[in-house]
Protein chains: 2
Amino acid sequence: MKTTLEPIDFYFDFLSMYGYFASLRIEALAQRHGRKVRWHSMLLGVSVMKTMGLKPLLETPLKGDYVIHDTARYARRHGLKLKRQVTDPMMDPRAASRAFYWVRKHRAGQEAEFARAAFDSYWRQGADLSSAEQVATLGPAMGIDAAVFLEGIESDEARSDLRDAVAKSLEKGVFGSPTFIVDTEHFWGSDRLELLDEWLTAGGW
Amino acid sequence: MKTTLEPIDFYFDFLSMYGYFASLRIEALAQRHGRKVRWHSMLLGVSVMKTMGLKPLLETPLKGDYVIHDTARYARRHGLKLKRQVTDPMMDPRAASRAFYWVRKHRAGQEAEFARAAFDSYWRQGADLSSAEQVATLGPAMGIDAAVFLEGIESDEARSDLRDAVAKSLEKGVFGSPTFIVDTEHFWGSDRLELLDEWLTAGGW
């Protein structure tokens, strides 16, 4: 009897550089273990700031400096050349996040492709994705008409789907980007990919 | 010509379970790379709470639950049986920390031995180390008379040495436990030991 393994749930915020880093590696990791990846866009502004009552990383004394250094080191180690710096003003990620949920509903199966395109555009190419118009320009390369996409991103349905998705991520206890859930096991942080890998190999411990 | 490598600076708070985890592995790691370890006791109450303005981990919604799960998983993976739970009331770590600096000054070379004994007593054996009297009971096994040790722990000198050490750790930008500094490179978190290991092997990147 062939059993089907549950997908790995991957939660990220488009404005999280650590989420971007993880997005580049999670599919290959999952594939090695015969798993698929289910992508979920979440909002740190809701989990970290509103629910946890914390400040954004870069506004946290001492930790902010560390994060600047740590992300640059990660990029060097993995040979990534990014036009956007972690210290650049952060975009409002809600348009990209609504777009993600619109794609998931109306172009099911393409949502990971959209997420990768948005991450790449924002972090590697340094594009501004803070408005629905700008996000909609990613549509044509995926076979989505930009005007149709724009209407979708601005729709009440996408707003409501994003709200529901964020509420669900909080119910599951997801607070950081990236977070991975394997079966019911949570792993938080791009530096936990190795641990997740070991966990999948060992079947837990 | 033989060059001498700088020691690895290892910062920890006795009340940090992640600091305890790191204390069990840092010496072997350093040794593999021909380095010594310079141990430094610091106080999260000063760095995290006062300077960064954050709440203790376990009082942070969502993150608290994750930490409980993550530390238990780490302990299982590394075969550690601990009498103390991360959810137990936290001790005031200042007596143990003053003792550390007293040993470093008056029994130079034994401070790492003291730190390991205090960590073991608090975390593995579940002992209470919140008073100077209790900390002083760790002296005799190290050849330090308990009464002499108690006087040292309570001395103005030890209080002043601890204040200076904590101020210096903040000047260096150390905010979390554990933190490792190799040459001028900072690594934060027990889950960064692998990265530190790679860094030492590669000579940076």
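As a reminder, the structure under discussion sits directly above these lines.
To start, this report covers the structure provided alongside it. (Residues numbered from 1 in each chain as written. Chains lettered and ligands numbered in written order. Predicted model: local features only at pLDDT ≥ 70, side-chain atom pairs only at ≥ 80, totals over all residues. Heavy atoms only, no water.)

### Observations concerning the overall build of chain A
Threshold: The helix and strand labels rest on DSSP assignments: H or I over at least four residues marks a helix, E over at least two residues marks a strand, and numbering proceeds from the N terminus. For this measure, only C-alpha atoms enter the radius of gyration; the expected value for a globule follows 2.2 Å times N^0.38, where N is the number of residues. Relative accessible area decides the class of each residue, using a 1.4 Å probe on protein chains only: under 20% of the type maximum gives buried, over 50% gives exposed, and in between gives partly exposed. Two residues qualify as a contact provided that any one of their heavy atoms is within 4.5 Å of a heavy atom in the partner residue. Per-residue and other accessible areas were derived by the Shrake-Rupley procedure at a 1.4 Å probe size, with only the shown protein chains allowed to occlude residues. Charge counting follows a simple rule: Lys and Arg are positive, Asp and Glu are negative, and His as well as the terminal groups are ignored. Charge placement uses NZ in Lys and CZ in Arg. For Asp and Glu, CG and CD serve respectively.
The helix and strand tally for chain A stands at 10 helices and 4 strands. Starting at the N terminus and ending at the C terminus, chain A contains elements arranged as β-α-α-β-α-α-α-α-α-α-α-β-β-α. For chain A, the C-alpha radius of gyration of 17 Å lies close to 17 Å, the compact-globule estimate for 205 residues. Considered along the principal axes of its C-alpha atoms, chain A spans approximately 50 × 50 × 35 Å. Scored against the burial criterion, the 205 residues of chain A give a buried share of 53%. Within chain A, contacts between residues at least 6 apart in sequence are counted, and of these 70% link residues at least 24 apart. Approximately 9600 Å² of chain A is accessible, and the part contributed by carbon and sulfur atoms is 52%. In chain A, the 27 positive side-chain charges and the 28 negative ones have mean positions that sit 3 Å from each other.

### A closer look at the pairing of strand S4 (residues 185-188) of chain A
Residue and element names in this part refer to chain A. As a reminder of what qualifies: DSSP bridges decide pairing: two strands pair if at least two such bridges lie between them.
By the bridge criterion, 4 bridges tie strand S3 (residues 179-182) to S4 in an arrangement that is antiparallel. Bridge pairing links Thr179 to Trp188 in S4. In textbook terms, the turn of a hairpin is the stretch between consecutive antiparallel strands, and for S3 and S4 this stretch comprises 2 residues, one of which, Asp183, has a positive phi near 55 degrees.

### Side note on the interface of chain A and chain B
Filter applied, for reference: By convention, the term buried area covers the 1.4 Å-probe accessible surface removed from two parts as they join, with the contributions of both added. What makes a salt bridge here is a side-chain nitrogen of Lys or Arg within 4 Å of a carboxyl oxygen of Asp or Glu, nothing more. Under the scheme applied, nonpolar residues are Ala, Val, Leu, Ile, Met, Phe, Trp, Tyr, Cys and Pro; charged residues are Asp, Glu, Lys and Arg; polar residues are all the others, including Gly.
Listed as interface residues are 29 residues of chain A and, on the opposing side, 29 residues of chain B. For the pairing of chain A and chain B, the buried interface totals around 3000 Å² over both sides, and the portion due to carbon and sulfur atoms is 56%. Between the two partners, chain A and chain B, sit 8 salt bridges. Those elements giving two or more residues to the side of chain A that touches chain B turn out to be helix H4 (63-77), S4 and helix H10 (193-202) of chain A. Broken down by element, the side of chain A that touches chain B gets its largest block of residues, 7 residues, from H4 of chain A. Residues that form the side of chain A that touches chain B fall into these classes: 13 nonpolar, 6 polar and 10 charged.

### Brief notes about the sheet that holds strand S2 (residues 37-41) of chain B
Residue and element names in this part refer to chain B. Selection rule: Each axis is a line fitted through C-alpha atoms, and for a helix only the stretch in contact is used; angles between axes span 0 to 180 degrees, taken between their N-to-C directions.
An order of S2-S1-S3-S4 is seen for the 4 strands of this open sheet, with the pairing classed as mixed. The outermost strands of the open sheet, each flanked by one partner alone, are S2 and strand S4 (185-188). Here the strands of the sheet are splayed against their neighbours by 20 degrees on average, with no regard to which way each runs. Each of strand S1 (8-12) and S2 touches helix H5 (residues 94-106); the most contacted strand, S2, lies at about 140 degrees to it.

### Quick notes on the pattern of salt bridges
Residue and element names in this part refer to chain B. All told, the structure shown has 34 salt bridges over all chains when counted by the stated rule. Across the salt bridge formed by Arg38 and Glu6, the nearest N and O atoms sit 3.8 Å from each other. With a gap of 32 residues between them, Arg38 in strand S2 and Glu6 in the segment before S1 connect regions that are remote in the sequence. When its relative accessible area of 34% is taken as the criterion, Arg38 is described as partly exposed. Given the relative accessible area of 44%, Glu6 is considered partly exposed. When the shortest N-O distance is used, the salt bridge between Arg25 and Glu194 registers 3.1 Å.

### Quick notes on the sheet that holds strand S1 (residues 8-12) of chain A
Residues and elements named next belong to chain A. Spatial ordering of the open sheet is given by S2-S1-S3-S4, a layout of 4 strands whose pairing is mixed. Of all strands in the sheet, those bounded by a partner on one side alone are strand S2 (37-41) and S4. Across the sheet, the mean angle separating the axes of adjacent strands is 20 degrees when strand polarity is ignored. One ladder, built from 3 bridges, connects S1 with S3; its direction is antiparallel. Note on S3: the bridge partner recorded for Asp9 is Ile181. Against the sheet, helix H5 (residues 94-106) touches S1 and S2, its axis set at about 140 degrees to S2.

### Side note on a nonpolar patch on the surface
What counts, and what does not: Note on patches: the residues involved have over 30% relative accessible area and no salt bridge, like charges join within 9 Å, and the nonpolar side chains Val, Leu, Ile, Met, Phe, Trp and Tyr join within 5 Å.
A contiguous nonpolar surface patch, about 210 Å² in accessible area, is contributed by Leu57, Leu58 and Ile68 of chain A. Following the sequence through the fold, Leu58 of chain A ends up in the loop between helix H3 (44-51) and H4.

### Thoughts on the layout of surface pockets
Put simply, the rule is: Both cavities and pockets are sets of points on a 1 Å grid over the protein atoms alone; in a cavity a 1.4 Å probe fits but cannot get out, in a pocket the set is open with protein on both sides within 12 Å along at least five of seven lines, and lining residues sit with an atom within 4 Å of a point. Grid points are joined across faces, edges and corners, and a volume is the space filled by probe spheres set on the points.
By volume, the second largest pocket amounts to about 410 Å³. Asp191, Arg192 and Glu194 of chain A together with Asp191 and Glu194 of chain B are the residues nearest the centre of the second largest pocket, which is lined by 24 residues in total. Counting residues per element, the ones that place at least two in the lining of the second largest pocket are H4 and H10 of chain A together with helix H4 (63-77) and helix H10 (193-202) of chain B.

### Some words on the packing of H5 of chain A against helix H9 (residues 156-171) of chain A
All names here are of chain A. We count it as follows: Note on angle classes: values under 35 degrees are labelled roughly parallel, values over 145 roughly antiparallel, values of 65 to 115 roughly perpendicular, and the remainder oblique.
Two elements in contact, H5 and H9, have axes separated by 9 Å at closest approach and are oriented at 100 degrees. Regarding the angle of H5 to H9, the classification is roughly perpendicular. For the pair H5 and H9, contact is made by Arg94, Ser97, Arg98, Tyr101, Trp102, Lys105 and His106 and by Glu157, Ala158, Arg159, Asp161, Leu162 and Ala165, respectively. Its residues assigned to classes, the contact of H5 with H9 comprises 5 nonpolar, 2 polar and 6 charged.

In short, the description is geometric, and any link to function would need to be established separately.
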